[in-house]
Every structure is written in C-alpha cells, then in structure tokens.
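Examining the three-dimensional arrangement
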Amino acid sequence: MTYIPLTRCAALASQARTANRPHRIAQPAVESAELAHRLLNLPADERLTHIAALDDTVLLDVMIALDRHTGSAYELWWDTPSGFAVDILGLTLDEDLRAALDVVADPDARRIAARIPGIDNHTAAAVLVAWTALVSCPRPFGDGPRFAVSFAPYRSTSASVWRILARFIDNACLPGRLDLQRCAWWADDLEGPQRIMAFAVWNTTPDSMGGLLQYVAVVADADRIADPDMRATMTFLADNAYGGSRLVALGGTTAEPEEWFALYESCDRVTSPAGAE
C-alpha cells in the first residue's frame with residue numbers, strides 16, 4: 001500500500017478536533033449546527049454531494065459542531081463506510097467494494113459475509129475498523145460509542161490488517177494512539193477515562209468474547225478459518241449481534257466452496273443476514 005496524500009475532508013476533520021480540544025473552547029454558530037443537523041438527515045449520496053460543494057470554512061464549522069455534539073468530527077459519514085474510505089482515507093473503490101463496505105451500515109444487517117479477493121480483503125477490514133472506531137455511535141440504536149474487533153485466523157493476518165490501519169492513521173491524521181505490538185487503538189480524549197476504540201483477537205474461544213456490547217467484529221480471511229473454536233467464536237458473535245453490533249466476515253479467495261462460512265447463504269459478494277429473504 002502506497003502513501004495516500006491527506007484529503008481535504010481529513011485535513012478539516014483534524015482541524016475541527018484541534019479546535020475543540022483540550023478545553024472545547026470553539027463555539028460554532030447556530031447556522032453551522034443547523035446545517036450539520038440537516039446534512040445528517042440527508043440520504044448518504046445526497047449528503048456526500050453537498051459536502052463536496054461546501055466551502056472549506058463552512059464544512060470546518062459543521063465538523064466542529066458535530067465534534068462538540070457527538071464526540072466525532074467524522075459523523076457526516078455515519079451511514080457510509082465507502083464515503084468515509086474515499087473522503088477521509090483517500091481510497092479509490094470499485095462498485096463491488098463499495099457495496100461490501102456500505103452493507104455494514106444497513107440497520108437491518110447484523111451478520112454480513114463478503115467475498116473480497118486479494119489484498120482488498122485486508123484493506124476492507126482496516127477501513128471498517130477505522131470507520132467503526134471514529135463514528136461516535138450507531139444511530140439510531142443508542143448513545144454509547146461502539147468499538148471494533150479485528151478478528152483473524154492467524155496473527156500474521158491480523159498484523160497485515162493493522163499495518164494498513166496504521167498507514168490510514170498516519171496518512172489521514174486520524175485521532176487516537178495505536179499500539180501495533182498489542183494491536184489496540186485507544187481514544188485520545190483527555191476529558192474522560194481512557195477508552196479503547198479497536199482491538200485485535202486471534203486463536204480465541206467464545207467464552208473469551210462474552211460481554212461484548214456495541215461492537216463491529218471484522219473477520220479478515222474468514223474462509224481460511226478451520227479451527228473449531230474460532231468458528232464457534234464467529235457463530236457466537238453472529239448470534240449475539242443486535243442493536244448496533246455487526247459481524248462482518250470477509251473471504252479472501254475465490255477457489256473456496258460456496259459454503260465457506262456455514263452461517264451464510266452463498267456469498268459471491270455480500271449476503272443478506274442469516275434467515276433473511
């Protein structure tokens with residue numbers, strides 16, 4: 001993965017966070033708060049068009065208002081991981097990858113499977129981890145922040161996903177502190193207790209994942225997981241996904257049989273939740 005220049009929206013989001021920290025002294029105008037509210041309630045495609053047309057000063061004020069209200073300067077992308085990947089991370093996506101990312105924001109989708117061959121599998125996992133960690137809460141399900149769980153069959157797979165995530169953080173000036181050694185991403189908000197935004201697991205059992213609430217578990221190379229305990233853990237996470245929680249299983253090969261993940265129907269790209277029509 002090569003260096004990606006800082007995008008306009010990523011630069012403005014970084015400025016918005018700086019304006020609001022550490023003492024939250026910025027006071028956005030009422031017009032900016034009203035515009036932020038209107039934008040949040042637009043359909044994603046229409047909102048992204050408006051964002052592209054806004055003057056930098058106006059968009060910065062909107063992001064400051066959102067950061068004060070929601071705790072996230074990235075809330076404009078709350079329902080569009082693909083828009084976040086393009087506008088903030090600077091990626092170029094094809095239609096298949098856009099669909100695979102955006103289904104995660106579908107309020108009716110809890111258990112999602114996607115076949116994304118090659119290195120795009122790990123890139124998509126890193127995008128979803130970043131998007132989950134930086135969007136403040138899973139509207140309309142609650143006010144508490146959710147966190148990302150990076151799930152992989154091998155530590156080497158997890159390391160690959162987190163190296164891509166580290167590149168995103170560097171290139172897009174994303175907030176928080178990333179510990180690559182322990183695969184943990186911590187929030188950098190100085191006003192409250194330390195909060196973890198994302199962490200990685202591998203070779204784990206269902207018992208060790210008990211008690212998780214408001215999570216998005218992103219499984220890289222899910223079609224390569226043969227260990228019974230890890231498959232049981234995926235089943236456990238899928239069965240317990242409710243509210244804003246999701247299980248996203250990403251398959252990285254095209255040679256595997258259609259039943260590569262037993263919880264789902266055939267998944268050429270993205271399947272419906274288990275049991276859906």
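Look up: the structure comes first, before these words.
Here's what I pulled together on the structure shown here. (Residues numbered from 1 in each chain as written. Predicted model: local features only at pLDDT ≥ 70, side-chain atom pairs only at ≥ 80, totals over all residues. Heavy atoms only, no water.)

Description of the nonpolar core
In terms of nonpolar packing, the biggest core is built from 70 residues, with W77, I88, L174 and W185 touching the most fellow members. The dominant element in this core, judged by the number of residues it contributes, is helix α7 (residues 120-134), at ten residues. Within the second largest apolar cluster, 18 residues are counted, among which are F151, Y215, V219 and A249. (Core = buried A, V, L, I, M, F, W, Y, C linked by side-chain atoms within 4.5 Å. Buried < 20%, exposed > 50% of the residue type's maximum accessible area, 1.4 Å probe, protein only. Helix = DSSP H or I, 4+ residues; strand = E, 2+ residues; numbered from the N terminus.)

Comments concerning the sheet that holds strand β1 (residues 111-115)
One open sheet holds the seven strands; their spatial order is β1-β7-β6-β2-β5-β4-β3, and the pairing between them is mixed. The open sheet has two edge strands, β1 and β3 (177-179), and neither has a second partner. Taking each pair of neighbouring strands and ignoring which way they run, the sheet shows an average axis angle of 15 degrees. Contacts between helix α8 (residues 155-172) and the sheet are confined to β2 (147-152), β3, β4 (184-186) and β5 (196-202), with β5 contributing the most and set at about 155 degrees to the helix. Strand contacts of helix α9 (residues 228-239): β1, β2, β5, β6 (215-219) and β7 (246-251), with the helix running at about 155 degrees to β2, the strand carrying the most contacts. (Pairing = 2+ DSSP bridges. Axes fitted to C-alpha atoms, helices over the stretch in contact; angles between N-to-C directions. Contact = heavy atoms within 4.5 Å.)

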